[in-house]
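Here is how the chains run, residue by residue.
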Amino acid sequence: MYEKDENFDPLASLVADLRSDLDATSKTILDQANSTLAPRIGDVSAHLFKAGGKRIRPVLTLSAAAVLGYRGGLHIQAAAAVEFIHMATLLHDDVVDESDQRRQRPTANLLWDNRSSILVGDFLLARALQLMVELGSRKVLESLSSAAVAIAEGEILQLSMARNLSIDEKSYRKIIEGKTSALFAAAAESGGAVGGADSEILSALRKFGHALGISFQIVDDVLDYGGDSASMGKNVGDDFRDRKVTLPVIGAVANASEEERRFWSRVIVNGEQRDGDFEYAKELLRKHGSIDKARQEAERWSAVAQDSLEILPDHPIRGKLADLTRYVTERAA
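Residues numbered from 1 in each chain as written. Predicted model: local features only at pLDDT ≥ 70, side-chain atom pairs only at ≥ 80, totals over all residues. Heavy atoms only, no water.

**Focus: unusual backbone geometry**
In terms of backbone geometry, most residues other than glycine have negative phi values and most peptide bonds are trans. The backbone of R55 shows a phi angle near 55 degrees, a positive value even though the residue is not glycine. Take R55: it is sitting in the loop between helix 3 (40-49) and helix 4 (56-67). (Helix = DSSP H or I, 4+ residues; strand = E, 2+ residues; numbered from the N terminus.)

**Comments concerning the confidence of the model for the protein**
Residues of the protein with pLDDT of at least 70 account for 94%, and the chain-wide mean is 91. Confidence, read as mean pLDDT per element, is least for helix 11 (residues 229-232) in the protein (47) and greatest for helix 4 (97). (pLDDT = per-residue confidence, 0-100.)

**Quick look at the environment of W301**
In this fold, W301 is placed in helix 16 (residues 290-308). Residues W301 and A128, 173 residues apart in the sequence, show an inter-C-alpha distance of 29 Å. Excluding anything up to four places from it in sequence, W301 contacts R173, H210, A211, I214, S215 and I218. (Contact = heavy atoms within 4.5 Å.)

**Concerning the environment of L285**
Here L285 shows up in helix 15 (residues 277-287). Judged by relative accessible area, which is 1%, L285 ranks as buried. L285 has contacts with Y225, P248, V249, A252, W264, S290 and I291, leaving out every residue within four places of it along the chain. (Buried < 20%, exposed > 50% of the residue type's maximum accessible area, 1.4 Å probe, protein only.)

**Things to note about helix 8 (residues 138-160)**
Since the α-helix advances by 3.6 residues per turn, residues separated by three or four positions end up pointing in the same direction. In this model, helix 8 (23 residues) spans 33 Å end to end at C-alpha, consistent with the 33 Å of a helix rising 1.5 Å per residue. Within helix 8, the full set of buried residues consists of V140, S143, L144, A147, A150, I151, G154, E155 and Q158. Each element contacted by the buried residues of helix 8 is listed here: helix 5 (74-96), helix 7 (114-135), helix 9 (169-194) and helix 10 (199-223). (Expected span 1.5 Å × (residues − 1).)

**Examining the layout of surface pockets**
Considering only enclosed or pocket space, the second largest pocket measures out at about 540 Å³ in volume. Taken together, 22 residues make up the lining of the second largest pocket; nearest its centre are D93, V96, D97, E155 and L159. For the lining of the second largest pocket, the elements supplying multiple residues, two or more each, are helix 5 and helix 8. No other element matches helix 8, which puts seven residues into the lining of the second largest pocket. When its residues are assigned to classes, the lining of the second largest pocket shows 10 nonpolar, three polar and nine charged. (1 Å grid on protein atoms, 1.4 Å probe; cavity = no way out; pocket = protein on both sides within 12 Å on 5 of 7 lines; lining within 4 Å. Points joined across faces, edges and corners; volume = space filled by probe spheres on them. Nonpolar A, V, L, I, M, F, W, Y, C, P; charged D, E, K, R; others polar.)

**Points about the pattern of salt bridges**
For side chains of opposite charge, pairing can occur when their charged atoms come near one another. Overall, the coordinates contain 15 salt bridges when judged by the stated rule. Counted as one network, the salt bridges with shared partners bring together K139, E142, E189 and R206. (Salt bridge = Lys/Arg side-chain N within 4 Å of Asp/Glu carboxyl O.)

**Some remarks on the nonpolar core**
Counting residues in each nonpolar core, the largest one holds 101 residues, and the members touching the most others are L60, L124, L144, I218, W264, L321 and L324. The element contributing the most residues to this core is helix 10, with 13 residues. Excluding anything up to four places from it in sequence, L321 contacts L14, L60, S63, V67, F208 and L309. (Core = buried A, V, L, I, M, F, W, Y, C linked by side-chain atoms within 4.5 Å.)

**A short note on the packing of helix 4 against helix 9**
The N-to-C vectors of helix 4 and helix 9 enclose an angle of 30 degrees; their axes lie 6 Å apart at closest approach. Overall, the two elements helix 4 and helix 9 adopt an arrangement that is roughly parallel. As helix 4 runs across helix 9, the sense of the crossing is right-handed. Note on element contacts: helix 9 touches helix 4 through T180, L183, F184, A187, A188, G191 and G192, opposite I56, R57, L60, T61, A64 and A65. Split by residue class, the contact of helix 4 with helix 9 holds eight nonpolar, four polar and one charged. (Axes fitted to C-alpha atoms, helices over the stretch in contact; angles between N-to-C directions. Parallel < 35°, antiparallel > 145°, perpendicular 65-115°, else oblique. Left-handed = near helix turned anticlockwise from the far one by under 90°.)

Okay, structure coming up:
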């Protein structure tokens, strides 16, 4: 059982255990994210990939295969396909959100342009499809292609509901199930499919990834109001400045006084943000306990993820995945 320890990082431990597989995945990504016809594809892709990141999605794929004792090499291709889908969404998101920083580096759309980011993102999605076909697994193809559809639906749903203070927790969950949780679920399920898992194990892996993804996104949304920019890889307060209605804001708005509701309407609906507004927003979140309530919701989903692992074979990696479910909710950045 995971006990909170500032010096213990289950994700780093998993990365260490999977080092050779992750190195092979990284090589596959950099090799496949290239084009002799259009060298800019490799430049943009390498800029994004070499910026780093948690790599949690390919880690889930490789971990699922490892738990099942898989010894082939197809899990590397599956993990690369998963990361290509994720990279494509990052390139597209930075254009949609007009971001200029990711992981403490200038975004691709800032260094090149929006058109390059969008088209390279399209290339990476196409390359992911090629890798899925080469795998020869109908289940992997079905899982990852469905995740790609869900991601697009989630992003568009978020766009259509942007700056809308009437969004409730149910609508918020639908958004994050698409934009984040779907790929977590597919990443874990794909590793299981490559590893030869039966339908019961595949269902458990999918449930694990789904719950972990929800927990992960809720915590990300919480950290936007109190995390550390250097550790998060993006500016704290980006969601506020982009006028996104996330779970912490939903909780504060639900309990807001008339004066507070006018504030939220001004900064989110009308976009009239002034100096000091972000600090006042954080004060309101603390006042109404919406940060703590969001953390509790993340912990609830973390417990679902942890329970889902019980059916998996007894393996050291399974224990570290269980640790990861708790770590995700307790991380500070």
